[in-house]
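Listed below are the residues making up each chain.
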Amino acid sequence: MSHDVGTWIAAILTLCVFSFLYRDNPLYRFAEHLFVGASAGYLLAVQYQNVLRPNVIEKLQRGQFLAIIPLVLGILILGRAWERTSGIARWSLAFYVGIYSGIAVPSYLQAQIFAQVADALKPFAPGWGAVSSALVLLGFLSVLAYFFFSAPHKGVHGIAARLGIWFLMVAFGASFGYTVMARVSLLIARMQFLMRDWIGILPGA
Amino acid sequence: MRFGPLVVTFLTGTTLIAIFFIPHHAAQETQSVILEWADVVYTFALILGSIALWMSHQKKVFQRAEGWFYSAVTLVALTGVTALGVVQGVSGTTLVGQIYDSVNAPLASTMFSLLAFFIASAAFRAFRARNVEATLLLVTAIVMMIGRVSIGEFVWSGFPPLTEWLLDVPNLAAKRAVAIGVGLGAVSTALKIILGIDRSYLGRA
Amino acid sequence: MAAEPNGFWRRVLAIDRRWIFVLIGVGTALPLLFPVNLPVTPSPRVQAAYNAIEAVPEGSLVLMSLDYEPDIMAELQPMSIAVLRHCFRRHLKPIILTLYPAGPRLVEMALAIASEAEGKRNYDDYVFLGYKSGNQAVVLGLGENIKGLFPRDFYGAATDTISLMKRANSFADFPLLINLSGSTIADYYIRIGASRYHRPMILGATAVMATDYYPYLSSGQILGLIGGMKGAAEYERLMGIVGDGRRGMDAQSLVHLIVVILVLLGNAALFATGGLKRRVGGGA
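Within each chain, residue numbers correspond to sequence positions counted from 1 in written order. Chains carry letters and ligands carry numbers; both start at the beginning, A for chains and 1 for ligands, and go up in the order they are written. For a predicted model such as this one, the threshold for reporting local features is a pLDDT of at least 70, and the threshold for listing and counting side-chain atom pairs is 80 or more; totals across whole chains, interfaces and linings nevertheless cover every residue. Processing note: side-chain calculations cover all non-hydrogen atoms of the structure and skip hydrogens and water entirely.

Asks: How would you explain the overall build of chain B if you had to name every residue and give the values?
Replies: For chain B, the helix and strand inventory stands at seven helices and zero strands. Working definition: helices are DSSP H or I runs of at least four residues, strands are E runs of at least two. Numbering for both runs from the N terminus. Starting at the N terminus and ending at the C terminus, chain B contains elements arranged as α-α-α-α-α-α-α. If one aligns the C-alpha atoms of chain B with their principal axes, the spans along those axes are about 60 × 55 × 40 Å. Residue burial is assigned from relative accessible area. The probe radius is 1.4 Å, only protein chains are included, and a residue is buried under 20% of its type maximum, exposed over 50%, and partly exposed in between. Buried positions account for 53% of the 205 residues belonging to chain B. Residue contacts are counted whenever heavy atoms from the two residues lie within 4.5 Å of one another. Across chain B, the fraction of contacts at a sequence separation of at least 24, relative to all contacts at a separation of at least 6, is 27%. Accessible surface for chain B amounts to roughly 9000 Å². Of this, 72% is attributable to carbon and sulfur atoms. Positive charges come from Lys and Arg, negative ones from Asp and Glu, while His and the chain ends are left out of the count. By convention, charge coordinates are those of NZ in Lys, CZ in Arg, CG in Asp, or CD in Glu. For chain B, the separation between the mean place of its 13 positive charges and that of its 10 negative charges on side chains is 16 Å. All accessibility values rest on the Shrake-Rupley procedure with a 1.4 Å probe; residue burial counts only the protein chains present in the view.

Shown next, in the form of structure tokens:
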């Protein structure tokens, strides 16, 4: 068994959370609320050390007064906390939203639209690979047909949309299978922690 | 008081789009400075979130509402970790670092690992082959869950190549169409925001 | 009194979910206690990621962005350790950073394990730049001026005094980008690093995300994909090492079997109790 205080605290809190599987109880609620407070506090502390201190406080101390601009924008956004002052936060929101909207336009166009359309239009693979290539193109067009809601899904469009739904179902089935794998992996890791790092009964402990 | 922020959105958005096409170092430096300012605004947005968290839990504690003790735990954790992190720093050797290793990390991991149990329970109760589409989804998910783990090869040697084919053909086709759809949506939304057509981010008039 | 028709199946459908939880818990714990060591066969996409690192000339810099936190470290930490060890064995020089505030602790742990196993030292064989806030902004900045973004490394040393960093100015100096990520940060590296700056890139992602990146594999925007704990296990197999990825595969197999059996059982029960006919066929 581990003699490390930190490991014991981690193990006890882990068991508090797992107790929720039986039913909601005070131990779980304590752990849940502790998690919320500690996570928010940690995030604030990290952002202070990595953003506010070097980019605002230290710059102002060095006489780089341009740093007042982000400081003012930041303070304005705090106005959102109260109904009467919420309007002044619009300036900061406009600045932030404008920046990331501007970045999004060319990067999405280049990487997600043009590159993918170009790959969809490439020649089929040779031999039996042509069947798979044809299926990929068919699936791609039929899913696009499904997502086109400006025209009713009738006639040829309706048939294409139905085919698109089938391709989507296969894709979602694949995603579901992978999601199960992902969640189980997280559980395996917690079991390894409890049985290896805390109790010490696993091989390799 | 919305015209000014709309102008700010337009100017920042168009500036960032233009900088994408200008490789000159002055343009790239400008982009770096603007993005640094955005990061400061984001930090203040986190502070805003923490203020909201504080206010909601403080109300419960002062009014001795049901569960007020748990709210007090949240408030103590939030204040304590933030204060320690600001004063001492957040690296592994500090008290906040040790709190992170013993409290935050195990709680986060365990909360997510609960999903393994719930996904199994939900799959048992809700995953039904009610129609063609649901059957497709179910069959694909089962093939993926068996084929992508070590035991799949023992059950049937064809499982691994079948899972690869499902990922490389129907999954690829559907996800490509989804990626293009998302890209088109993102670009159109970004342009609507920059041009002032979509003003929802500014809140109520 | 005669037994109710389909009574057994109705009881199956009404089973308390806590019994399912017990089944999952036991299914996870037993293989860990009594490992069978089922073989792991690398998939083509993981092999492609491995080959991409094999193709980088010895002594080259590689940029590694390890972006995950404890909630998903189960899938990505084994991957990080295996990929780091591969880079070290190939005598590549990883420049490592993280875009997650809680990332540095995990990256330090991975580096400690990998560097000790391969006999590598900080500053001679790798540099850890630490955490930088900003996500997309940071990835954009990596394309222009890395030392401007990271004037100091994680341990406080000035980056312009570190010899390895003398040839690390921007994306252009790295023949390979490696991003191990549990979030949309992967999208930023693909859109910016791989597409805008045309850097060869391999991606490690959580299993939840992995299926979404097949279009980028097809288009060549990423060269290889390591998905989830299974992907980590496959990479460990290629490396000839046994880490938490491979150790978890027995449990993964058993729990997946249990889930599949539960799904089939639930559907069998529904058919047996006529539930499907009532809902679809409009029966009584």
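Asks: Just give me the short version of the interface of chain C and chain A, but keep the residues and values in it.
Replies: With 43 residues of chain C in contact, the opposing surface of chain A contributes 41 residues. Here, a salt bridge means any side-chain nitrogen of Lys or Arg that lies within 4 Å of a carboxyl oxygen of Asp or Glu. One can count one salt bridge joining chain C with chain A. A salt bridge links Arg196(A) to Asp244(C), with the nearest nitrogen and oxygen atoms 3.0 Å apart. Pairing of N or O atoms within 3.5 Å defines a polar contact, subject to two protein rules: one partner must be a possible hydrogen donor and the other a possible acceptor, and residues neighboring in sequence count only if both atoms are side-chain atoms. Where chain C meets chain A, there are 16 residue pairs in polar contact (both at pLDDT 80 or more). Examining the composition of the side of chain C that touches chain A, we find that eight residues originate from one element, helix 2 (residues 17–33) of chain C, more than from any other.

Asks: Let's hear about the interface of chain B and chain A: which residues, and what values?
Replies: On the chain A side, the residues contacting the 104 residues of chain B number 109 residues. A quick way to say it: buried area is the sum, across both parts, of accessible area lost when two parts are put together, with a 1.4 Å probe. Counting the surface chain B buries against chain A, the share from its top three residues, Trp37(B), Tyr70(B) and Arg176(B), is 8%. On the surface where chain B and chain A come into contact, there are three salt bridges. In this structure, Lys59(A) and Glu36(B) form a salt bridge, with 2.6 Å as the shortest nitrogen-oxygen distance. Viewed at the interface, chain A and chain B are joined by 18 residue pairs in polar contact (both at pLDDT 80 or more).

Asks: Before we move on, can you summarise the environment of Met144(B) with the specific residues and values?
Replies: Structurally, Met144(B) can be placed in helix 5 (residues 132–147). What makes Met144(B) buried here is its relative accessible area of 1%. Remark: the alpha-carbon pair of Met144(B) and Pro160(B), spanning 16 residues in sequence, is separated by 8.7 Å. Ignoring any residue separated from it by four or fewer positions in sequence, one finds Met144(B) in contact with Ala174(A), Gly177(A), Tyr178(A), Thr163(B), Leu166(B) and Leu167(B).

Asks: Quick one: what's the story with the pairing of strand 1 (residues 61–67) of chain C, residue by residue and with numbers?
Replies: Residue and element names in this part refer to chain C. Within strand 1, seven of the seven residues are buried, which leaves the element mostly enclosed by the surrounding structure. Burial of strand 1 is two-sided: the residues Leu 61, Leu 63, Ser 65 and Asp 67 facing one way and the residues Val 62, Met 64 and Leu 66 facing the other way are all buried. Where strand 1 lies against strand 2 (residues 93–98), five bridges are found, and the strand directions are parallel. Directly across from Ser 65, in strand 2, lies its bridge partner Leu 97. Strand pairing is assigned whenever DSSP detects at least two bridges linking the two strands. Bridge analysis of strand 1 against strand 4 (residues 177–181) gives five bridges, and the strand direction is parallel. Paired with Ser 65 across the bridge in strand 4 is Asn 179.

Asks: Mind laying out the pairing of strand 2 of chain C, listing which residues take part and the relevant values?
Replies: All names here are of chain C. Of all six residues in strand 2, six are buried, a share of seventy percent or more. Here strand 2 shows two buried faces, one formed by Lys 93, Ile 95 and Leu 97 and the other by Pro 94, Ile 96 and Thr 98. Handedness of the β-α-β unit built from strand 1, helix 4 (residues 73–89) and strand 2 comes out right-handed. Looking at chain direction, strand 2 and strand 3 (residues 127–131) are connected through four bridges and run parallel. Paired with Ile 96 across the two strands is Phe 128, which belongs to strand 3. Place the viewer so that the strands point away; then a crossover is right-handed whenever the path from the first strand over the helix to the second strand goes clockwise. Between the parallel pair strand 2 and strand 3, the chain is carried across by helix 5 (residues 103–118), and the sense of this crossover is right-handed.

Asks: So what's going on with the layout of surface pockets? Residues and values would help.
Replies: Its volume calculated, the second largest pocket comes out at about 1000 Å³. In the cavity and pocket records, a cavity denotes points on a 1 Å grid over the protein atoms alone where a 1.4 Å probe fits but cannot get out, a pocket denotes an open set with protein on both sides within 12 Å along at least 5 of 7 lines, and lining residues are residues with an atom within 4 Å of a point. Considering the residues around the second largest pocket, the lining is formed by 38 residues, among which Arg196(A), Asp197(A), Met73(C), Met109(C) and Asp244(C) are closest to the centre. Those elements that provide at least two residues to the lining of the second largest pocket are helix 1 (5–18) and helix 6 (155–198) of chain A, helix 4 (95–126) of chain B together with helix 4, helix 5, helix 11 (228–239) and helix 12 (244–247) of chain C. Grid points are joined across faces, edges and corners, and a volume is the space filled by probe spheres set on the points.

Asks: Account for the packing of helix 6 of chain A against helix 5 of chain B, with residues named and values stated.
Replies: All axes are obtained by fitting lines to C-alpha atoms, using only the stretch in contact for helices, and the reported angles, taken between N-to-C directions, cover 0 to 180 degrees. Here helix 6 of chain A crosses helix 5 of chain B at 35 degrees, and the two axes come no closer than 7 Å. Seen along the crossing, helix 6 of chain A lies across helix 5 of chain B with a hand that is right-handed. Counted together, Arg162(A), Ile165(A), Trp166(A), Met169(A), Val170(A), Phe172(A), Gly173(A), Ala174(A), Phe176(A), Gly177(A), Tyr178(A) and Val180(A) of helix 6 of chain A and Val132(B), Glu133(B), Leu136(B), Leu137(B), Thr140(B), Ala141(B), Met144(B) and Met145(B) of helix 5 of chain B form the full contact between these two elements. Broken down by class, the residue content of the contact of helix 6 of chain A with helix 5 of chain B amounts to 15 nonpolar, three polar and two charged. The handedness criterion is simple: a crossing whose near helix is rotated anticlockwise from the far helix by less than a right angle is left-handed, and one whose near helix is rotated clockwise is right-handed. Note on residue classes: Ala, Val, Leu, Ile, Met, Phe, Trp, Tyr, Cys and Pro are nonpolar, Asp, Glu, Lys and Arg are charged, and everything else, Gly too, is polar.

Asks: Quick rundown of the nonpolar core? Include the residues and the values.
Replies: Only buried residues count toward a nonpolar core, which is a set of Ala, Val, Leu, Ile, Met, Phe, Trp, Tyr and Cys residues joined through side-chain atoms within 4.5 Å. Among the nonpolar cores identified, the biggest contains 158 residues, and Ile24(C), Leu142(C), Phe171(C), Tyr189(C), Leu203(C), Tyr213(C) and Val259(C) are the most heavily contacted of them. Element by element, the count of residues in this core is highest for helix 6 of chain A, at 18 residues. Core analysis: the second largest hydrophobic core is formed by 38 residues, Val46(C), Tyr50(C), Val107(C) and Ile202(C) among them.

Asks: Give me the lowdown on the packing of aromatic side chains, citing residues and values where you can.
Replies: Only Phe, Tyr and Trp rings take part, Trp by its six-membered ring, and two of them pair if their centres are within 6.5 Å. Stacked means planes under 30 degrees apart, edge-to-face means over 60, and tilted covers everything else. Using the criterion set out here, one finds 22 aromatic pairs over all chains in the structure. Consider the rings of Phe154(C) and Tyr155(C), whose centres lie 5.1 Å apart with planes at 80 degrees: the pair is edge-to-face. By relative accessible area, Phe154(C) is classed as partly exposed at 27%. The structure contains a cluster of three or more aromatic residues connected by ring pairs, namely Phe18(A), Phe20(A), Tyr28(A), Phe117(B), Phe118(B) and Phe21(C). Above the face of the Tyr22(A) ring, Arg18(C) is positioned so that its terminal group lies 4.8 Å from the ring centre. Placement of a charge over a ring requires the Lys NZ or Arg CZ to be within 6 Å of the ring centre, with the centre-to-atom vector within 35 degrees of the ring normal.

Asks: How would you summarise unusual backbone geometry if you had to cite specific residues and measurements?
Replies: Residues and elements named next belong to chain C. One non-glycine residue with positive phi stands out, namely Asn 37, at about 60 degrees. Residue classification places Asn 37 among the exposed residues on the basis of a relative accessible area of 62%. Notably, His 198 is not glycine yet its phi reads approximately 55 degrees, a positive angle. Taking the relative accessible area as the measure of exposure, His 198 reaches 58% and is therefore exposed.

Asks: Got a sec to walk through the confidence of the model for chain C? Specific residues and values, please.
Replies: Residues and elements named next belong to chain C. A residue's pLDDT is the predictor's confidence in that residue, given on a scale from 0 to 100. On average, residues of chain C score 91 in pLDDT, and 94% of them are at 70 or above. Across residues 278–284 the pLDDT falls below 50, and counting only partners more than four positions away or on other chains, this stretch makes 10 contacts in the model. Among the prediction metrics, the complex's ipTM stands at 0.87, with pTM recorded as 0.90.

Asks: I'd love a proper account of helix 13 (residues 249–272) of chain C, names of residues and values included.
Replies: An expected span of 1.5 Å times one less than the residue number is assigned to each helix. The end-to-end C-alpha distance of helix 13 of chain C is 34 Å, a good match for the 34 Å that 24 residues give at a rise of 1.5 Å each. Of the residues flanking the end of helix 13 of chain C, it is Gly274(C), one or two places downstream, whose phi is positive at about 70 degrees.

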